[in-house]
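# Examining the three-dimensional arrangement
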Amino acid sequence: MALADYVVTGKKDTRSGFGAGILQLGRTNPNVVALCADLAGSLKLDEFIKEFPERYVQTGVAEANMIGIAAGMTIGGKIPFATTFANFATGRVYDQIRQSVAYSGKNVKIAASHAGLTLGEDGATHQILEDIGLMQMLPGMVVINPCDYNQTKEATMAAGEYVGPVYLRFGRPAWPIFMPEGSFKIGKAILMNEGNDVTIIATGHLVWKAVEAAKQLEAEGLSVELINIHTIKPLDSEAILKSVAKTRSAVVCEEHNRIGGLGSSVASLLAQELPTPIEFVAVNDSFGESGTPDQLLAKYGLDTPDVVKAVQKVVKRK
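All values reported here derive from a predicted model rather than from experimental measurement.

## A word on the sheet that holds strand S12 (residues 231-233)
- Read from one edge of the open sheet, 7 strands run S3-S2-S4-S5-S7-S6-S12, paired in mixed fashion. The open sheet has two edge strands with one neighbour each: strand S3 (56-58) and S12. Between one strand and the next, the sheet's axes are offset by a mean angle of 20°, whatever the strand orientation.
- Sheet topology note: the strand S4 (residues 79-85)/strand S5 (residues 109-113) ladder contains 5 bridges and is parallel.

## Topic: the sheet that holds strand S13 (residues 250-257)
- One open sheet accounts for 5 strands, arranged S9-S11-S10-S13-S14; its pairing is mixed. The open sheet has two free edges, formed respectively by strand S9 (190-193) and strand S14 (278-283), since each of these has just one partner strand. Pairwise comparison of adjacent strand axes, ignoring direction, gives a mean angle of 20° for this sheet.
- As defined by bridge partners, S9 adjoins strand S11 (residues 224-228) across 3 bridges and the pair is classed as antiparallel. Paired with Ile-190 across the bridge in S11 is Asn-228.
- Those strands touched by helix H8 (residues 206-219) are S9, strand S10 (198-202), S11, S13 and S14, and its axis lies near 170° from that of S11.
- Where helix H9 (residues 237-247) meets the sheet, its contacts fall on S10, S11 and S13, and the angle it forms with S11 comes to roughly 170°.

## What to know about the nonpolar core
- With 41 residues, the main nonpolar core has Ile-97, Ile-110, Met-141, Ile-229 and Ile-240 as its most contacted residues.
- Grouped together as the second largest cluster of nonpolar side chains are 37 residues, Met-179, Ala-202, Val-251 and Val-283 included.

## Looking at the pattern of salt bridges
- Tallied over the entire structure, the rule returns 9 salt bridges.
- One salt bridge connects Glu-225 with Lys-246, and the closest N-O pair in it is separated by 2.7 Å. With a gap of 21 residues between them, Glu-225 in strand S11 and Lys-246 in helix H9 connect regions that are remote in the sequence.
- Classification of Glu-225 by relative accessible area gives buried; the value is 4%.
- What makes Lys-246 partly exposed here is its relative accessible area of 36%.
- If you follow the salt bridges from partner to partner, you end up with Glu-279, Lys-313 and Arg-317 in one network.

## What to know about the environment of Thr-152
- By secondary structure assignment, the location of Thr-152 is in helix H7 (residues 149-161).
- Overall, the relative accessible area of 0% leaves Thr-152 in the buried class.
- Spatially, the C-alpha atom of Thr-152 lies 9.5 Å from that of Gly-204, the residues being 52 residues apart in sequence.
- With sequence-adjacent residues up to four places away left out, Thr-152 is seen in contact with Thr-14, Gly-17, Phe-18, Pro-146 and Phe-170.

Quick notes on the rules
- Residues numbered from 1 in each chain as written.
- Predicted model: local features only at pLDDT ≥ 70, side-chain atom pairs only at ≥ 80, totals over all residues.
- Heavy atoms only, no water.
- Pairing = 2+ DSSP bridges.
- Helix = DSSP H or I, 4+ residues; strand = E, 2+ residues; numbered from the N terminus.
- Axes fitted to C-alpha atoms, helices over the stretch in contact; angles between N-to-C directions.
- Contact = heavy atoms within 4.5 Å.
- Core = buried A, V, L, I, M, F, W, Y, C linked by side-chain atoms within 4.5 Å.
- Buried < 20%, exposed > 50% of the residue type's maximum accessible area, 1.4 Å probe, protein only.
- Salt bridge = Lys/Arg side-chain N within 4 Å of Asp/Glu carboxyl O.

Worth remembering: the numbers are spatial, not functional.
Here it is in structure tokens:
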């Protein structure tokens, strides 16, 4: 596919993609169960609960307990999805995840909504920007950050079929739907456009911002290679190295702290294998604040013009 093929077919929050995905999983696998820390509506679990009430556990505002219950359920062959806001799913219960899930290699899926700045008006206390770093540092933890409704639905189903701990990150706002169905595979990047001048590597909500920027840059005569990294761990190192070997420059885009996220992983890979000029479109080591998603993306340097500027800067460094 080429950039022109990626068009918006509608807008829907990625958390609804999770809701649709777990519902379909529930219909095909009786071992799939859902747990939630008092946020079932926000996690779009209503249809799953209606259809499978006996396979839903409401733990209340007790996230650490939820993780422990989920880990125990795997011993009986269940496939638990432990769901809450990303801030509470990681920062609040990191010890339980490390000890009871990652260290023990339990088949728990941590489904984390309302991640990043685009949580919006709830502000800094809820807008976790460190969760990718926290989770990808855990040995054996798969970290997935899909970009739209379609990809989140497919990622949810893939997570349920995968055996082992998974962290699945998605968001609150209505977001463009633009990815074709059937393109998701854990650990396999998606080459969205081929180019020669620069490689843009994007994840989550910022994939669409990267698409917009790439279209603008190509209209200005720059040849852009665009890679959708939905799986941050395991990282598709082969796809990144193959692209950067051709373009000799890279820009990494993510709705996360620039420290510890996808950018850090890509920089580490390139430093070891293929030293290359690289720029980051990410939050510059700060907390967020209250505001609309669009306002916050613009203020914190995560908007389409910021991707364009990063590309222009890195190309000059080649």
